[in-house]
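Residue-level listing of the chains:
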Amino acid sequence: MKSTALLTALAVAAILASTTSAVAAAPETKDQRDHRMRWWREARFGMFIHWGLYAIPAGQWNGKPVRGGGEWILNDGHIPLADYEKLRDQFNPEKFDAKEWVRIAHDAGMRYLVITSKHHDGFCLWPSKVSDWTVAQTPFRRDILKELSDACKADGTVRFCVYHSIMDWHHPDAQAANAPNYNPPRNDPNYKPNPNFPRYVETYLKPQLKELIENYDPGVIWFDGEWVPDYTDAMGREIYDYCRSLNPNIIINNRVSKARQGMVGLSDDPNAPGDFGTPEQQIPSTGLPGVDWESCMTMNNTWGYKKDDNRWKSAQTLVRNLVDVVSKGGNYLLNVGPTAEGQIPPESVKRLAEIGQWMKKNGPSIHGATASPFKRLSWGKATTGHDGTLYLHVLVWPNGGDLVVPLSNKITAARLLDTGENLQIRRANDGAHLTALPATAPDPLDPVIAATLDGQPQPIVSTPKQQADGRLTLLAIDADVHGGNARLEKKGANPHNIGYWTSAKDTVSWDATIDKPGAFTVDLEYSLAPNSAGSVIAIQFGNDKSLEVPLQAGKDFLDFKTVEVGKVDLPAGPVTVTVKPLKKPGLAVMDLRKIELKPSTPK
C-alpha cells in the first residue's frame, strides 16, 4: 500500500507548526451565534453529494453484488487496499460539469451543497499537498472542489460546503491498520487502538482541514466517522476550535464530537461541540426543540452510486419529507450519488426537477420558514413564513368539505399558492373554517394555502377526552414523542404506531382530561419482535401512579396484540399519561399503537 502520509521531516514540522499554533475560537454571544447560523437556518433545503472512487464499482466487486451502501464497498466487500487502489487509475469522469450540478441544485430550490471532500475510503476530491491518494493522481486530475466552489460562487444562491470523514480506511495511522475489515464496531471491547492515530490527526486531518477552509471557503464542514475508538472527546473539541480559528464564521455539525450519541446525534453534554444535530435517514417525531438540526436522507437506499439500487422515493414523498422537516424547525439535506462518468443519475434529476417546479410556487413556505405553531394537524403540516404568514400544507385534502384550522384568533385572508385563488373564511368554535375549496387537491405533491392572521397564531389545544361510556382511548397519532429516535409511523393500511423506539431515553405521553373519575382497566396494544425481547415499560399517570409492564415478544413488529396490564384509579381533572422504558435489552422498546382505559369496578 502506498502511504498517504509520505512527508519529509521538514514538511511535517511545518504542518505541525501551522496547525497547533492556532488558538481556539472566541466564545460567542447568542446574537453572534444567531448571525453566524442565519444563512443556514434560512436555507432549509440542501443537496448532499456522495461521490468518489466507489462510484466506479457501483456496488459490485469482481462481478458480484456487495451488500450495504455503495460508498462502503471497501469495508463491506473486505477488499484489500492494493486492489481498491487500482480504481484511482480508472477515475476519469469526463461528463462532470460543476455548473450543471449547481444548476440542478439551484433549480430544485436548494440553497446549499455538501460534497464529500473525503469519505471513509480516504480518497480526496482535491489535490491535497499531504497525500498522494487524491484526484490529482488520477487520469482526470482536475480539482473537483475548486470547480464546484467556483460554480456556487458564480450562482450566488447555492452555498458551497464540504463533508469530511474523520475515519480513514486508507491511512496507515488511522483505520487502514484494520484491513480488510476497516470499520471498527462502536464500543468493540476487542478493538486494539492504533497508537499512531494522534499523529494522523496532527499531520493529516488538521492539514487537510486547513486546505479545505483556506482554499475553498466552505460554509459548513460536515464531519462523519467520529465513532472510531481512537478518536477522543478531547480531539473533537480541539478540531471544532481549530476549524473555527481558521474561519470564525464556519458552521460545523455535531459529528465533530465524540460526545454525539446515536443517529440523531444529540449529546447529554450541553457543552459538546457542534452547531447542529444530524438525524440520518429519519425525521424526529417532534423535531429537536431548542436545537438547530438537519435530517440527511437518500432518494433511494444508498448514498454513493449503486447501479442495482432502484428503490426510488417519489417526488411527492420527497416534498412531503421536506415539509415535515421544516414544519418541525429543521433543514433537509437530500442526497444524490453521481455515477463514475460524473453525472447525477437521471432518476435523481427527474425528481429534483419536480421538486423545483413545486418550489417555484411554494418556496416562501420553505425558505426562511420556521416551525409550525401546532403540535399536530389531522390534515397535514404548517410552516411559518419570515413575515408571519402561516402556510398550511394540506396533505389530506377535504374533498369538498371545509378545512378546519384550529386557531382561536382570526384568519383575515387565505389563498391557494398554486392558483392565487382567494378562499372564504368562516369562524366556528373549533377554529377557522376555510370554505369553497376546489373539490380535488390542486397540487398532487402538496397543495399549500397562505393564511394571514390577526396577530400571532393562537392554537386551540384539544386533549383526548372520555367517551360517553367513560372509555379513554390514547392513540399513537395523538401522542407527544419526546426524544430523538422514536417517531410516528404507518405500516401499510394499518393504524399508526410509535416505532423506531431504539433509545431507552425516549418517552411517549398524552395530556388527557378525566371528567368521569373512577377505577379503570388499562389495555395496551403493542408489538415486539424476538430481537427486542425483554423490554419493560412503566405507564405513569401523573406523578404518583404507575404500572410496570413486562412486554412479551411476538413473531415480528407487525404482530400486534392487546393485553390488559393493570388497573388504576384516577380523579377528575387533567392527567398526563407517560410511557417510559425501564429495560431495553434488545433492538427496540416496542411498537406502540394504543393505550385504552376502560371503566371497571374496583376490587
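Starting afresh in each chain, residues are numbered from 1 along the sequence in its written order. Under the rules for a predicted model, residues below a pLDDT of 70 receive no local features and side-chain atom pairs below 80 are neither given nor counted, while totals for whole chains, interfaces and linings still include all residues. Heavy atoms from the whole structure form the basis of all side-chain values; hydrogens and water molecules are not counted.

Engineer: Is there a simple way to explain the pattern of salt bridges in this structure?
Structural biologist: Two side chains with opposite charge may pair up if their charged atoms get near one another. Every case where a carboxyl oxygen of Asp or Glu lies within 4 Å of a side-chain nitrogen of Lys or Arg is listed as a salt bridge. Across all of its chains, the model carries 38 salt bridges by this definition. Between D107 and R103 there is a salt bridge; the shortest N-O distance is 2.7 Å. Separated by four residues within a single helix, D107 and R103 lie in helix α5 (residues 98–107), roughly one turn from each other. Residue R255 pairs with D224 through a salt bridge whose shortest N-O separation is 3.2 Å. A residue pair is termed long-range when its members are at least 10 positions apart, and R255 in the loop between β7 (251–252) and β8 (294–297) and D224 in strand β6 (residues 220–224) qualify at 31 residues. Secondary structure elements are taken from DSSP: a helix is a run of H or I of four residues or more, a strand is a run of E of two residues or more, and numbering for both begins at the N terminus.

Engineer: Even after reading the chapter, I still don't get helix α7 (residues 197–216), so can you show me in this structure?
Structural biologist: Residues spaced three or four apart along an α-helix face the same direction, because each turn holds 3.6 residues. For α7, which comprises 20 residues, the first-to-last C-alpha distance of 26 Å matches the rise-based estimate of 28 Å (1.5 Å per residue) to within 8%. Two axes enter the definition of the bend at a residue: one is fitted to the seven residues ending there, the other to the seven starting there, and the bend is the angle between them. The largest bend along α7 measures about 30 degrees and falls at L205, with the proline P207 one to four residues further on. For α7, a buried count of 16 out of 20 residues is recorded, marking the element as mostly surrounded by other parts of the structure. Count one or two residues on from α7 and you reach D217, which has phi positive near 50 degrees. Any helix carries an expected span of 1.5 Å times its number of residues minus one. Relative accessibility thresholds used throughout: buried, under 20% of the residue-type maximum; exposed, over 50%; partly exposed, between the two (1.4 Å probe, protein chains only).

Engineer: Is there a simple way to explain the nonpolar core in this structure?
Structural biologist: When a protein is soluble and globular, its nonpolar side chains tend to lie buried together. Ranked by internal contacts, the top residues of the largest apolar core, which has 98 residues, are M47, W51, Y84, L113, I115, L148 and L352. Among the elements that line this core, the one with the most residues is α7, at nine residues. We call two residues in contact when some of their heavy atoms are within 4.5 Å. In this view, L113 contacts M47, I49, V102, L148, C152, V158, R159, F160 and C161; residues no more than four positions away in its chain are not counted. Counting residues in hydrophobic clusters, the runner-up holds 37 residues, among them A479, A486, L551 and L570. By nonpolar core we mean a set of buried residues, namely Ala, Val, Leu, Ile, Met, Phe, Trp, Tyr and Cys, connected to one another through side-chain atoms within 4.5 Å.

Engineer: Can you help me understand the pairing of strand β16 (residues 448–453) in this one?
Structural biologist: Residues in a regular strand project their side chains so that they alternate between the two faces of the sheet. For β16, a buried count of five out of six residues is recorded, marking the element as mostly surrounded by other parts of the structure. By the bridge criterion, four bridges tie strand β11 (residues 390–394) to β16 in an arrangement that is antiparallel. Bridge assignment links L390 to a residue of β16, and that residue is A451. In this sheet, β16 lies alongside strand β13 (residues 411–416) in antiparallel orientation, the contact comprising five bridges. Bridged to L416 within β16 is I449. Two strands qualify as a pair provided that DSSP identifies no fewer than 2 bridges between them.

Engineer: Whenever I open this one, the packing of aromatic side chains confuses me. Can you help?
Structural biologist: Each pair of aromatic rings is reported with the distance of its centres and the angle of its planes. Ring pairs shown here join Phe, Tyr and Trp side chains whose ring centres sit within 6.5 Å, with only the six-membered ring taken for Trp; geometry is labelled stacked below 30 degrees between planes, edge-to-face above 60, and tilted in between. Scanning the model with the defined rule gives 22 aromatic pairs in all. Ring plane angle 50 degrees and centroid distance 5.0 Å describe the contact between F48 and W222, whose orientation is recorded as tilted. Separated by 174 residues along the polypeptide, F48 in strand β1 (residues 45–49) and W222 in strand β6 bring together distant segments of the chain. What makes F48 buried here is its relative accessible area of 2%. Judged by relative accessible area, which is 1%, W222 ranks as buried. Centre to centre, the rings of F91 and F123 are 5.8 Å apart; their planes meet at 65 degrees, and the pair counts as edge-to-face. Taken as a pair, F91 in the loop between α4 (81–84) and α5 and F123 in the loop between β4 (112–118) and α6 (144–155) lie far apart in primary sequence, 32 residues in all. By the burial criterion, F91 is buried, and F123 matches it. Three or more aromatic residues link up through ring pairs in this structure, and these residues are W51, W61, Y84, F91, F96, W101, F123, W133 and F140. Placement of a positive charge over a ring is assigned whenever Lys NZ or Arg CZ falls within 6 Å of the ring centre and within 35 degrees of the normal to the ring plane. The residue whose ring lies beneath R159 is W39, and the NZ or CZ to ring-centre distance is 4.6 Å.

Engineer: Would you take a moment to explain the environment of L246 for this structure?
Structural biologist: Structurally, L246 is set in helix α8 (residues 233–246). Sequence spacing of L246 and N321 is 75 residues, and the spatial spacing of their C-alpha atoms is 35 Å. Setting aside residues no more than four positions away along its own chain, L246 makes contact with K210, I213 and E214.

Engineer: Which parts of the structure should I look at to understand the sheet that holds β11?
Structural biologist: Picture the strands of a sheet paired through backbone hydrogen bonds; they go either parallel or antiparallel. Taken together, four strands build an open sheet; the order of strands is β10-β11-β16-β13 and the sheet is antiparallel. One side of each edge strand has no neighbouring strand; the edge strands of this open sheet are β10 (380–384) and β13. Within the sheet, the average angular offset between the axes of one strand and its neighbour, ignoring direction, is 25 degrees. Two elements, β10 and β11, share five bridges in a ladder whose sense is antiparallel. Lines are fitted to the C-alpha atoms to define the axes, a helix being fitted only along its stretch in contact, and any angle between axes, read from their N-to-C directions, falls within 0 to 180 degrees.

Engineer: Mind showing me how you'd approach a nonpolar patch on the surface here?
Structural biologist: A cluster of nonpolar side chains, contributed by L475, I477 and L488, occupies part of the molecular surface with about 210 Å² of accessible area. You can see I477 is positioned in the loop between β17 (472–475) and β18 (480–482). Each patch groups residues whose relative accessible area exceeds 30% and which form no salt bridge, using 9 Å between like charges and 5 Å between nonpolar side chains of Val, Leu, Ile, Met, Phe, Trp and Tyr. Surface accessibility follows the Shrake-Rupley procedure with a 1.4 Å probe radius. Residue values consider only the protein chains on display as shielding.

Engineer: Just checking my understanding: could you explain the environment of A588 for this structure?
Structural biologist: Tracing the backbone through its elements, the reader meets A588 in the loop between β26 (573–583) and β27 (591–600). Apart from the residues lying within four places of it in its own chain, the contact partners of A588 are W501, T502, L528, S532, S535 and F557.

Engineer: Before we go on, may I ask you to explain the packing of α7 against α8 in this structure?
Structural biologist: Geometrically, a packed helix pair is captured by the angle between its two axes and the distance between the axes. At their nearest, the axes of α7 and α8 sit 10 Å apart, and the two run at 25 degrees to each other. In terms of axis orientation, α7 runs roughly parallel to α8. For the crossing formed where α7 meets α8, the hand is right-handed. For the pair formed by α7 and α8, the contact residues are F197, P198, V201, E202, L205, K206, L209, K210, I213 and E214 on the first element and M235, E238, I239, Y242, C243 and L246 on the second. Roughly parallel means an angle under 35 degrees; roughly antiparallel means over 145; roughly perpendicular covers 65 to 115; every other angle is labelled oblique. What makes a crossing left-handed is the near helix being turned counterclockwise from the far one by less than a right angle; a clockwise turn instead makes it right-handed.

Engineer: Would you explain the confidence of the model for the protein in this entry?
Structural biologist: Where the model shows low pLDDT, its predicted coordinates should not be examined in detail. The pLDDT value tells you how sure the predictor is about a given residue, anywhere from 0 up to 100. Averaged over every residue, the pLDDT of the protein is 92; the share at 70 or more is 93%. When the criterion is pLDDT under 50, residues 1–22 qualifies, and its contacts beyond four places in sequence or with other chains add up to 44 contacts.

Engineer: Looking at this structure, how should I read helix α9 (residues 315–327)?
Structural biologist: The first and last C-alpha atoms of α9 sit 18 Å apart over 13 residues, in line with the 18 Å expected at 1.5 Å per residue. In terms of burial, α9 is a largely internal element, 10 of the 13 residues being buried. Taken residue by residue, α9 has A315, L318, V319, N321, L322, V323, D324, V325, V326 and S327 as its buried positions. Contacts from the buried residues of α9 go to β1, β8, β9 (331–336), α10 (346–362), β10 and β11. One or two positions beyond α9, positive phi appears at G329, with a value near 90 degrees.

Engineer: I'm lost on unusual backbone geometry in this one. Help?
Structural biologist: Residue P180 follows A179 across a cis peptide bond; omega there is 5 degrees. Topologically, P180 is positioned in the loop between β5 (159–165) and α7. Despite not being glycine, N62 has its phi angle at roughly 55 degrees, a positive value. Phi at N399 is positive, roughly 50 degrees, even though this residue is not glycine. Mapped onto the elements, N399 comes out in the loop between β11 and β12 (403–405).

Engineer: Sorry if this is basic, but what is going on with the packing of α9 against α10 here?
Structural biologist: The N-to-C vectors of α9 and α10 enclose an angle of 50 degrees; their axes lie 9 Å apart at closest approach. Classified by the angle between their axes, α9 and α10 sit oblique to one another. In this structure, the crossing between α9 and α10 has a hand that is right-handed. When α9 is examined against α10, the residues A315, L318, V319, L322 and V323 are found in contact with a partner set consisting of R351, E354, I355, W358 and M359. Residues that form the contact of α9 with α10 fall into these classes: eight nonpolar, no polar and two charged. Only Asp, Glu, Lys and Arg are considered charged, only Ala, Val, Leu, Ile, Met, Phe, Trp, Tyr, Cys and Pro nonpolar, and every remaining residue, Gly among them, polar.

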